Each structure stands twice: as C-alpha cells, then as structure tokens.
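Structural overview
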Amino acid sequence: MNARSTKTGEGGVWIVPLQDLLDWSRLSSLWPLGFGLACCAIEMMATNASHYDLERFGVFPRNSPRQADVMIVAGTVTYKMAERIKRLYEQMAEPKYVISMGSCSNCGGPYWQHGYHVVKGVDKIIPVDVYVPGCPPRPEALIGGIIQLQRKIKEKHK
C-alpha cells in the first residue's frame, strides 16, 4: 500500500489514483520484442525457456512490434541493421522501453575498434532504458534488467 491509497469500509475496497493502477499494470505485463542479433540472443532465448520462466514476472514475448512495449536488443548492432532497429522501435506503441543486452549492443563490444561496420552502442540509434552488462550476459542478468525496468516504470510518476 502506498501513501496515496486508502482503504474504505469493512469490504476492503482500495481507492488509488488511476496513474498508479496504470503503472502497476504496465510493469506487471511487459511484452518484449526480442531482437536477437548474435550470441546474446541464445541467452535471451534461454531466459524465455521453462527453466527461468519469465512469465512469473509478467513477461510474455511477442513477435510483432505493434504488440510489444519493450524491445530487447541482444547482440552486435551493425549500421546495416541500425535502420531496421529504428524502424521497429518507431512501430511500437507508447509507452515503449528498450533493454540493451550485452557489451556489443551496449558499446560495440570487441568489434568497434577494428570494424567500421559496428555501431558504438544501440543508444546512438534509439533511447535505452536499461543496460544489461556481460559478454554474453547470463539469463539471470537479463532477469535482473527486467526487474530494474519494472522498478523504473513503477517510480516514473512518483
């Protein structure tokens, strides 16, 4: 119970601001659009498997950007893929969030020094809300990033 909600009567009716209810529903039902580009995508797929069970956090992967509200960019972002990532991001409905997964999507990884074709981080193309470090990051790290995004959504309007 937060400080702005009140309990009325014996029936247990809670009166909360509509914005709090909307924020709670957003953080409890994240629908990510997985955009796997390299080895980080294997870890992202493992996170969606039954061993880690992301559905207990309300995370249900979608294949269409029009149905998703979170984009998980996992892997090396090249300039050739950058415009496609931006196009998919623009097709997502508001509010939309981005998780950058792995050192390649965070900052170019080991390829940015010697490759002219690698973007020095997906944040050069689209705004990123949460960075998940690692090469490749373990599924537990991605779950931690999702929980961090849920905290960010919860505290957005406070």
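First, a word on scope: everything that follows refers to the structure included in this document. Computed from a prediction, not measured in an experiment: that's the story for all the values here.

About the thresholds
Residues numbered from 1 in each chain as written. Predicted model: local features only at pLDDT ≥ 70, side-chain atom pairs only at ≥ 80, totals over all residues. Heavy atoms only, no water. Helix = DSSP H or I, 4+ residues; strand = E, 2+ residues; numbered from the N terminus. Buried < 20%, exposed > 50% of the residue type's maximum accessible area, 1.4 Å probe, protein only. Polar contact = N/O pair within 3.5 Å; in protein donor to acceptor, adjacent residues only side chain to side chain. Contact = heavy atoms within 4.5 Å. Salt bridge = Lys/Arg side-chain N within 4 Å of Asp/Glu carboxyl O. Arc of directions from axis to C-beta.

Points about the side chain of Asn106
Among the secondary structure elements, Asn106 is positioned in helix H4 (residues 103-107). We classify Asn106 as buried; its relative accessible area is 15%. In this structure the side chain of Asn106 is engaged in a polar contact, spanning 2.5 Å, whose partner is the side chain of Ser100. Within the local environment of Asn106, its side chain forms a polar contact with the backbone oxygen of Val132, the two atoms lying 3.2 Å apart. When near neighbours in sequence (up to four residues on either side) are disregarded, Asn106 contacts Ser100, Met101, Lys120, Gly121, Asp123, Tyr131, Val132 and Pro133.

Remarks on the side chain of Ser105
Structurally, Ser105 can be placed in helix H4. At a separation of 3.0 Å, a polar atom in the side chain of Ser105 contacts the side chain of Ser100. Separated by 2.8 Å, the side chain of Ser105 and the backbone oxygen of Met101 make a polar contact. Residues within four places of Ser105 in sequence aside, it is in contact with Val73, Gly75, Val77, Ser100, Gly121 and Val122.

Focus on the pattern of salt bridges
If you walk through the whole model with that rule in mind, you get five salt bridges. Across the salt bridge formed by Arg87 and Glu83, the nearest N and O atoms sit 3.8 Å from each other. Here the residue Arg87 and the residue Glu83 both occupy positions in helix H3 (residues 79-91), the gap between them amounting to four residues, near one helical turn. With relative accessibility at 44%, the residue Arg87 sits in the partly exposed group. Exposure remark for Glu83: the relative accessible area of 48% places this residue in the partly exposed category.

Points about helix H2 (residues 40-48)
Of the residues making up H2, those classed as buried are Cys40, Ala41, Glu43, Met44 and Thr47. Angular distribution of buried residues about the axis of H2 spans 160°; they occupy a single face of the element. Away from the buried face of H2 by more than 90 degrees, exposed residues Ile42 and Met45 are located. The inward-facing, buried residues of H2 contact strand S3 (32-36), strand S4 (70-74), strand S5 (97-101) and helix H5 (139-154).

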